[in-house]
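# Analysis of the macromolecular model
So the chains spell out like this:
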Protein chains: 4
Amino acid sequence: MPVLRLIRERFAKEQPLKGVRMSGCLHITTETANLAITLKAGGADLVLCASNPLSTQDDVAAALVSEYGIPTYAIKGEDEKTYYSHINSVLDHNPQMTMDDGCDLVSTLHTKRTDLIPTIIGGMEETTTGVIRLHSMEKQGVLRFPVLAVNDSDTKHLFDNRYGTGQSTLDAIIRSTNVLLAGRTIVVFGYGWCGRGVASRAHGHGANVIVCEVDPTRALEAVMDGYRVMPGVEAAALGDIFITVTGDINVIDQAHLEKMKDGAIIANSGHFNDEINIPALEKLGVNKRRVRDFVDEYTYADGRHVHLLAEGRLVNLSAAEGHPASVMDMSFANQALGSEYMLEHAKELKPQVYTLPQELDKEIARLKLHAMGIKFDTLTPEQEKYLNSWESGT
Amino acid sequence: MPVLRLIRERFAKEQPLKGVRMSGCLHITTETANLAITLKAGGADLVLCASNPLSTQDDVAAALVSEYGIPTYAIKGEDEKTYYSHINSVLDHNPQMTMDDGCDLVSTLHTKRTDLIPTIIGGMEETTTGVIRLHSMEKQGVLRFPVLAVNDSDTKHLFDNRYGTGQSTLDAIIRSTNVLLAGRTIVVFGYGWCGRGVASRAHGHGANVIVCEVDPTRALEAVMDGYRVMPGVEAAALGDIFITVTGDINVIDQAHLEKMKDGAIIANSGHFNDEINIPALEKLGVNKRRVRDFVDEYTYADGRHVHLLAEGRLVNLSAAEGHPASVMDMSFANQALGSEYMLEHAKELKPQVYTLPQELDKEIARLKLHAMGIKFDTLTPEQEKYLNSWESGT
Amino acid sequence: MPVLRLIRERFAKEQPLKGVRMSGCLHITTETANLAITLKAGGADLVLCASNPLSTQDDVAAALVSEYGIPTYAIKGEDEKTYYSHINSVLDHNPQMTMDDGCDLVSTLHTKRTDLIPTIIGGMEETTTGVIRLHSMEKQGVLRFPVLAVNDSDTKHLFDNRYGTGQSTLDAIIRSTNVLLAGRTIVVFGYGWCGRGVASRAHGHGANVIVCEVDPTRALEAVMDGYRVMPGVEAAALGDIFITVTGDINVIDQAHLEKMKDGAIIANSGHFNDEINIPALEKLGVNKRRVRDFVDEYTYADGRHVHLLAEGRLVNLSAAEGHPASVMDMSFANQALGSEYMLEHAKELKPQVYTLPQELDKEIARLKLHAMGIKFDTLTPEQEKYLNSWESGT
Amino acid sequence: MPVLRLIRERFAKEQPLKGVRMSGCLHITTETANLAITLKAGGADLVLCASNPLSTQDDVAAALVSEYGIPTYAIKGEDEKTYYSHINSVLDHNPQMTMDDGCDLVSTLHTKRTDLIPTIIGGMEETTTGVIRLHSMEKQGVLRFPVLAVNDSDTKHLFDNRYGTGQSTLDAIIRSTNVLLAGRTIVVFGYGWCGRGVASRAHGHGANVIVCEVDPTRALEAVMDGYRVMPGVEAAALGDIFITVTGDINVIDQAHLEKMKDGAIIANSGHFNDEINIPALEKLGVNKRRVRDFVDEYTYADGRHVHLLAEGRLVNLSAAEGHPASVMDMSFANQALGSEYMLEHAKELKPQVYTLPQELDKEIARLKLHAMGIKFDTLTPEQEKYLNSWESGT
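Residues numbered from 1 in each chain as written. Chains lettered and ligands numbered in written order. Predicted model: local features only at pLDDT ≥ 70, side-chain atom pairs only at ≥ 80, totals over all residues. Heavy atoms only, no water.

### Some words on the overall build of chain A
Selection criterion: By definition, any uninterrupted DSSP run of H or I lasting at least four residues is a helix, any uninterrupted run of E lasting at least two residues is a strand, and each is numbered from the N terminus. To get the radius of gyration, use the C-alpha atoms; to get the globule rule, take the number of residues to the power 0.38 and multiply by 2.2 Å. Here the Shrake-Rupley method, with its probe set to 1.4 Å, supplies the accessible areas, and only the displayed protein chains count as covering residues.
When its secondary structure is counted, chain A shows 16 helices and 15 strands. By the compact-globule yardstick of 21 Å for 394 residues, chain A fits well, its C-alpha radius of gyration being 22 Å. Expressed along its principal axes, the backbone C-alpha trace of chain A runs to roughly 65 × 65 × 40 Å. Working note: accessible area of chain A is about 13400 Å², and carbon and sulfur atoms make up 50% of it.

Structure below.
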């Protein structure tokens, strides 16, 4: 993670976060550990908990505590009660800044721990799902401190969501099933940045891709990109593999489940495990057994088998290793620079959702290209001037 | 053009542009004729001129005048003097609204015909290049009426710039040279929407694509999309075919021209013909001859041959037929709905650059999908509610 | 055509075809002219006629006669009677060797001009279609002299059929219709080398491709390559554009034509114009008009419109310029080296279909890579030895 | 594995292999178990050993012995001595037919166990590597019984080598390194069916692919497919990831290793582990440590790190699960039908390398399409007749 390393080196010298209490709710992985160490190097007083019950790498959690002195409340497979007790533990740290991956920290603060809000100056949010929740809070007028939508940085969502989710989702499906993707019909629900990445990688494996969307512009883009677009219920009868990445609920609902072919595989790569209507699947299945790690086979009354991966939780973190380090490098560079920016600018900000200034965003892209050894052009003064003039025409 | 047809039918009934004087500076093609007829059906008092000296289809210009009674000042191959006299002719119409494709109308108004400005309520601009010029005018505080950046509608730039420019640019290169693209190295300057389209279609022909960019985020996207990225001067020595789509000047400059291989082909698909430094090429060439329609072969002193297509003017309009009707359908639907919107809302607008409201933009996508016979999903009430809530978490 | 140029230079010196009477039936294009000049440089006494009534470039035919002294019987748009009178004219030359593109010369010899056969030592055949006919003649025991299936050289069919037919077929469809291919459903009949090329380029334009095949192995490959495979009659109801490249008859038959959507476009890129059942289309159409060059619109009784391109003749030669020079360079290098080989080896050959020796085939690939400036590896002695040994194992 | 299941059902009834002693040397995986059970169902008296020391799934070996009564000599990680003792154990079975995956059984028979040859009627060989060795034996006149090159069936090499090796090789690299492939330069050595599959999947992940080849026709195809082609030593300095699939020795040699960038990853997906010169790497590395499962990091004297995966053994079987069941289904259907064919036809065959008759090959494709629920066209009598006639022309 060369970008984060460069930032860490500067942070260690400049101590921009010196003494700031931070609470983070993130997937506890080696990449997150890198971010945590960077923030601590910058002087932050940091505690962490998991943002998903299944995604914790226990050895990482242990190392954060024992080697780096960063309190970390997380254990792989924790139940919901433990999950929320961990969230409360990091809030007990009385944070000045929050870091969220899915908005569970911020929403808990705004519902059950409102007493802590007065001393909070701002937060950062990593995911599309979290940003959707924050916008909803802002619209309803309940958001009480500014939050940086790290997800909306170009160097985050264009790369993490598209290339990271794309590769790791397909990787997780192959690891858990060892199915050949070439020649299969893969149905992708959602054509946002994650959905594009998933569709592109599925296609790159030789699959025939169907996209289901609710937004007409995105649906039209999917058509123009060469995919079939149709209502999900129609696609349900055609697909061999189904992947949800929408950020919404019951995207694969009972009506879809009823139509699926024998042998169908269902996976979710959206943030929460409610994109698939699992209770409906539980009812349709007269029998259920685990046939491989992360693969539950449901047998319908008529003998059809449907396979649910990773219990509907985000499959790339559950059944594979999540995003590769090289995309998390950019995402977490946004978190690190975002923390610094929030601290400096919180006073000018309202309780709204903000994005990182474009110049910081581009700086991360520049550092990344540099780390990859790739050179690119710069505008000549003549070109710069031309772009800023409007007088000369045809 | 089914989307425009639906709009025309409504316009004919509702007469939203009744009696409004409009002056348009657009490529005079069959697609533009469709737009013109739609506006006239809506009641507009319209006159047209060409937005590029080479792109006029003379039979279309004639038919607009004789069959539809729309004064049209344009002839293929007109010289610069005639070009500007035509612009002045349409301004003599004393327009209340302008339609531009490259901002020549608006810039002439702001420099030489400022007397006409007081009665203008607003305008529309079709291209990236024009929008760049308008933003520059706005930034310098000289823009004097509101302009809708039609180019910035999703249903314009995501489709017209990407799929339209992509296909038609490669089409023009094949038509004018009949060269096999498979196995060639194609260098694309610019990775905006047009550049993405061109790169994607070049790759779809089996070419090996190099992208040159000045923006680090775009450069990084090009890398992640599997292309090589390098400074233009390095690419100059490697390419077989060069295509500029940047909106900037001297993107292929003397330094590039000097390094090119024998047999290199150069084309521009950006709006103006100054993306290639043609004077420098004229100096490097000790001999110049036309070897096929639209192909000028320059022979360097050392015997190398370099081929310039369409004199550096936008190759897809000069050497082929421009965008296919089906993308112009959406672009011009934006122009038509934009005219109506401007008329209704001009009073609320400042002398700035605006985009079409998203709902109109999505409506165009919806009409287009409908015309293609493609159905897609809609949110259930449960899903709608879920997206607007923030309380429920992991 | 750098490969052919290298061969021509050697031929001019060595005169391997000195005084040999040759009759060729080929598409009369600039590329064929290059081959003719090469053969003549090698000493051949050559006459030519057209292998397709629509594919002649009249200026090329004229130049062959007047500038190069090669009698050429061909005129664009010739009727069937003239076509066969031209074939007879080149046979009147009393050839010792034949060159065919579709086997019309050889089949005429074996039916109506059998008197000429005794002095013929052998022939060359350029196309898949011609080779199929020759194999049928060989199987029925009627073939009376050896023929080299130039088509079966790797440097012919892997490149000409795949990349040449692929690009030029799509080019012809775009030139004649200016339709946007992105987002369209394109149905390709046949998944041989031509069909693969067409499918690949259609996909590269953003189309959604359906393949129709009769061979199970090829059908399965198409599936694994990510395309949909289904019976033609089912595809007929789904496609926007249909392309036949099978070498068989009535591939698009009445049953298909009846199901097509309003606006469907049909093109043939196979050798003969009987892949589409045009008489059936003529009956279904209550009205027929030419809407653009090479585009006939048939209106069905129920109002649907179907567009037939180039009267069902091979669309890439009729409505565009045929294969780019760089693929014909390799194909015709096979013709030239094949002529030389046939002359040297005819006595050892039986009246059967032969392929060019692999070493000549690879030599052409080597010359081509050299011409493109591309270097590649060679086996080390150690590696060569390893490949020829079998003793060493795990 | 539905194709093999259909064959097993027939075999169980017909007992075509009743009492035939067979010895197989194959990767001991679940897919092989399926084949073994099929052969046993057909009456064969079968024993098995591993064809690679690292590829055995120990639970499968155990189940074959205990549940199915098939003696199986294999344990994951066995050393070379054990490996060959296992080969000798299965030869002690005194086989009438052999099944090989890499030719170790047949070569041992022809060198150290020649006494057993008289009672052998024939064998089957699964891999490209094995077939190369067999052809070498045939050419040198030492092969003493007929062998069916199962690898050369279309339904084997077109699918197993291309799609199977393609997906599983990239899968193994991602599993062992979790590296993001998008934006990386991946160098593929060899552009046979395996190499094509690997290159295609690498490209499908967004990588920039370089191909190294020694065959000019294949090199030219790689160029036309849009990849860069260059000598391996040049590519060595550019690549991030290197994959060998050539069947030859020292394809990545000391000269390549010396040029590699810091962080380079090297994997072999060819049959034997001598495609990479590991002794040279051991010398270049001043330090070596295992950084993840299957990843050995070598540190050069100048500080560069190079990562070798799976000790240079075939990475898809070592670090992932080998080919997906659906491709092995076709490959092993060839083995099963090949056994039956060999038994029936051995008397007519010479001690040479044969391929399975095309009709059996196509039957497997037909069964596979049927199992996937895909329908395709059949020739009409008219079309069949047309293909067999040669008289009708233009």
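Okay, back to it.
### Quick word on the UniProt feature "domain: S-adenosyl-L-homocysteine hydrolase NAD binding" (unreviewed entry) in chain A
Here is the rule: UniProt positions are given in the numbering used here, feature names are shortened, and annotations may be inferred rather than shown by experiment.
With numbering aligned to this structure, UniProt lists the feature "domain: S-adenosyl-L-homocysteine hydrolase NAD binding" (unreviewed entry) at residues 161–322 of chain A. Regarding residues 161–322 of chain A, the helix share stands at 37% and the strand share at 25%, and the terminal C-alpha atoms are separated by 11 Å.

### Side note on the sheet that holds strand 4 (residues 97–100) of chain D
All names here are of chain D. Operational definition: Between any two strands, pairing holds if DSSP finds at least two bridges. Throughout, a contact is declared for two residues whenever any of their heavy atoms are within 4.5 Å. Axis lines are fitted through C-alpha atoms, for helices just across the contact stretch, and the angle between N-to-C directions can take any value from 0 to 180 degrees.
Pairing within the open sheet is parallel, and its seven strands lie in the order 3-2-1-4-5-6-15. Of all the strands in the sheet, just strand 3 (72–73) and strand 15 (353–354) have a single pairing partner and so form its edges. Pairing between strand 6 (residues 147–149) and strand 15: two bridges, direction parallel. Of the residues in strand 15, the one forming a bridge with Leu 148 is Tyr 354. Relative to the sheet, helix 5 (residues 104–111) contacts strand 1 (21–26) and strand 4, its axis offset from that of strand 4 by approximately 130 degrees.

### Structural notes on the relation of the copies chain B and chain A
Note the threshold: Superposition of the copies was done by least squares, using only C-alpha atoms of residues whose pLDDT is at least 70 in both.
Least-squares fitting of chain B to chain A yields an RMSD of 0.0 Å, with the transformation described by 0.0 Å of translation along the axis and a rotation of 180 degrees. Here the transformation between the copies is reduced to the relation of a two-fold axis. Both copies contact each other with a shared surface, as 99% of the interface residues of chain B are interface residues in chain A too.

### What about the UniProt feature "binding site: substrate" (unreviewed entry) in chain A?
Residue and element names in this part refer to chain A. To be explicit about the condition: Three exposure classes are used, based on accessible area relative to the maximum for each residue type with a 1.4 Å probe and protein chains only: buried under 20%, partly exposed in between, and exposed over 50%.
Within this structure's numbering, the places UniProt gives as "binding site: substrate" (unreviewed entry) are Thr 29, Asp 101, Glu 126, Lys 156 and Asp 160. On the basis of relative accessible area, Glu 126 is assigned to the buried category, the value being 3%. By secondary structure assignment, the location of Asp 160 is in helix 7 (residues 154–177). On the basis of relative accessibility, which here comes to 2%, the residue Asp 160 falls in the buried class. In this structure Asp 160 touches Glu 126, Thr 165, His 323, Val 327, Met 328 and Ser 331, once residues within four positions along its chain are discounted.

### Details of the sheet that holds strand 3 (residues 72–73) of chain A
Residues and elements named next belong to chain A. Overall, parallel pairing links the seven strands, which are arranged 3-2-1-4-5-6-15 in an open sheet. For this open sheet the edge positions go to strand 3 and strand 15 (353–354), each flanked by a neighbour on one side alone. Relative to strand 5 (residues 122–125), strand 4 (residues 97–100) runs parallel, the two being bridged by four bridges. If you follow Thr 98 over to strand 5, its bridge partner there is Gly 123. Lying on the sheet, helix 5 (residues 104–111) is in contact with strand 1 (21–26) and strand 4; it crosses strand 4 at an angle near 130 degrees. Packing of helix 14 (residues 325–345) onto the sheet brings it into contact with strand 1, strand 4, strand 5 and strand 6 (147–149), and relative to strand 5 it is tilted by some 160 degrees.

### What about the environment of Ile 265 of chain A?
All names here are of chain A. For Ile 265, the location among the structural elements is in strand 11 (residues 264–268). A residue is classified by how much of its surface remains accessible, and Ile 265, at 7% relative accessible area, is buried. Here the alpha-carbon distance between Ile 265 and Leu 309, two residues 44 residues apart in the chain, equals 7.4 Å. When neighbours within four sequence positions are excluded, Ile 265 is seen to be in contact with Thr 177, Val 179, Asp 240, Ile 241, Phe 242, His 307 and Leu 309.

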